Structures are given as structure tokens and as C-alpha cells.
Amino acid sequence: EKRCMFGTIESWLIYNLTGGKEGGIHMTDISNASRYMLMDIKSGKWDQGICKELGIDVACLPTIKSNSEVYGTVKGFGSLDGIPIAGALGDQHAALLGQGCIEVGSSKNTYGTGCFMLLNTGFEAVPSKSGLLTTVGFKLGSEAKTYYALEGSVAFAGRT
């Protein structure tokens, strides 16, 4: 019936803020999309083969966009209507950018329930030789190149 839509929290928020059932935009940003494990991180598109193998209709998945572009405008919220929604960025990816790690080789550590280290590898998705995760860093514009990172995580760093 093609009535089902999947997404993460930013997908739900943007969909509802842009009109929901009345024409809301069903999208996700590239950093959050990289966490679905359904996206080819080099192309920035849903991997048709993986989705088919898992029985996931790609039409149910949100459109993948960059982290920084106008996705749409607020609709149905009175005085907020018309305000552009122009950015979305996943948790650790936001920390990488927010802590100024925009040069190749720059890195950040964040500590919370877990500890996460991301190392900016520039425009190349570098395969790890040490068990780290190769991931999207960020993409700042629809025509911009994607920055990649290597990520290491410790499950329990701040929680007891």
C-alpha cells in the first residue's frame, strides 16, 4: 500500500514542521542516513542491493540531503510559518564539525554515556586498519563534497 515511512528523529521533526500529512518533507541528512546501515557512504544514496536483500522498499526511506541546505519552511505553526529549515546533523558528526575538526587529521573526543573519537579523513572514505568505523563526517551543501571520518567508540565511559 506504500503508506509506511521510515526515518529517525530529525526526519520526523522536519516532516512535521514542514506540514506533516499536508505535504511535509520526508528527508534525512547524510550523517544520520549513514547510521541506517542502508546507505552507500561513497555515493550518498540508499544501497539498492542491501535494501532489496533486507526486503526494504526504498520508497519508504527518506530522501538523503546534505547537512546544510534549505530543506523547506515551517508550515502550520502560526507565527513560525515560513521560517526556513536549513540544517540537520547527527550527534557525533555535529561534534566533529562543532569542535572545528574541518582539516584532515583533526579529531575530537566526546564523553557522555559513551566515549566517541572521530578523525577527519577529508574527502576520502579511508578503510580502517585498526577496527575503527569508516563513516560520513559531514556535507555542507547539496553540491559540496562529503567529508569522511574514522570513528572509535567506547560503550561505557561516563555512566556507572
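Here's what I pulled together on the structure shown here. (Residues numbered from 1 in each chain as written. Predicted model: local features only at pLDDT ≥ 70, side-chain atom pairs only at ≥ 80, totals over all residues. Heavy atoms only, no water.)

## Notes on the overall build of the protein
And step 1. Helix and strand counts for the protein come out as 4 helices and 10 strands.
And step 2. Put simply, the protein runs from its N terminus to its C terminus through helices and strands in the order α-β-α-β-β-α-β-β-β-α-β-β-β-β.
And step 3. A globule of 160 residues ought to have a C-alpha radius of gyration of about 15 Å, and the protein, at 17 Å, matches this closely.
And step 4. For the protein, the C-alpha atoms occupy an extent of roughly 45 × 40 × 40 Å along the three principal directions.
And step 5. When the 160 residues of the protein are sorted by exposure, 40% land in the buried category.
And step 6. The long-range share in the protein, meaning contacts at least 24 apart out of those at least 6 apart in sequence, stands at 51%. (Helix = DSSP H or I, 4+ residues; strand = E, 2+ residues; numbered from the N terminus. Rg over C-alpha atoms; globule rule 2.2 N^0.38 Å. Buried < 20%, exposed > 50% of the residue type's maximum accessible area, 1.4 Å probe, protein only. Contact = heavy atoms within 4.5 Å.)

## Here's the deal with unusual backbone geometry
And step 1. Here the phi dihedral of M37 falls at roughly 65°; this positive angle occurs in a residue that is not glycine.
And step 2. Structurally, the position occupied by M37 is in the loop between α2 (30-33) and β2 (39-40).
And step 3. Classification of M37 by relative accessible area gives exposed; the value is 69%.

## Comments concerning the pairing of strand β8 (residues 115-122)
And step 1. Bridge analysis of strand β7 (residues 107-111) against β8 gives 5 bridges, and the strand direction is antiparallel. Among the inter-strand pairings, N109 is bridged to a residue of β8, identified as M117.
And step 2. Here β7 folds back onto β8 in antiparallel fashion, the turn holding 3 residues.
And step 3. Bridging between β8 and strand β10 (residues 147-154) involves 7 bridges; their strand directions are antiparallel. (Pairing = 2+ DSSP bridges.)

## Quick notes on the nonpolar core
Note on soluble globular proteins: their nonpolar side chains tend to be buried together.
And step 1. One finds L38, M39, I41, W46, L61, I64 and V136 to be the most contacted residues of the largest nonpolar core, which totals 13 residues.
And step 2. Of all hydrophobic cores here, the second largest spans 6 residues; its members include I14, Y71, V74 and I85. (Core = buried A, V, L, I, M, F, W, Y, C linked by side-chain atoms within 4.5 Å.)

## Regarding the packing of aromatic side chains
And step 1. Taken as a whole and assessed by the stated rule, the structure comprises 3 aromatic pairs.
And step 2. Each ring, one from F123 and one from Y147, has its centre 4.7 Å from the other, and the planes form 50°; the classification is tilted. In this pair, F123 is assigned in the loop between β8 and β9 (133-138) and Y147 in strand β10, connecting sequence segments 24 residues apart.
And step 3. Here the aromatic residues F123, F138 and Y147 are joined through ring pairs into a cluster of three or more. (Phe/Tyr/Trp six-rings, centres within 6.5 Å; stacked < 30°, edge-to-face > 60°.)

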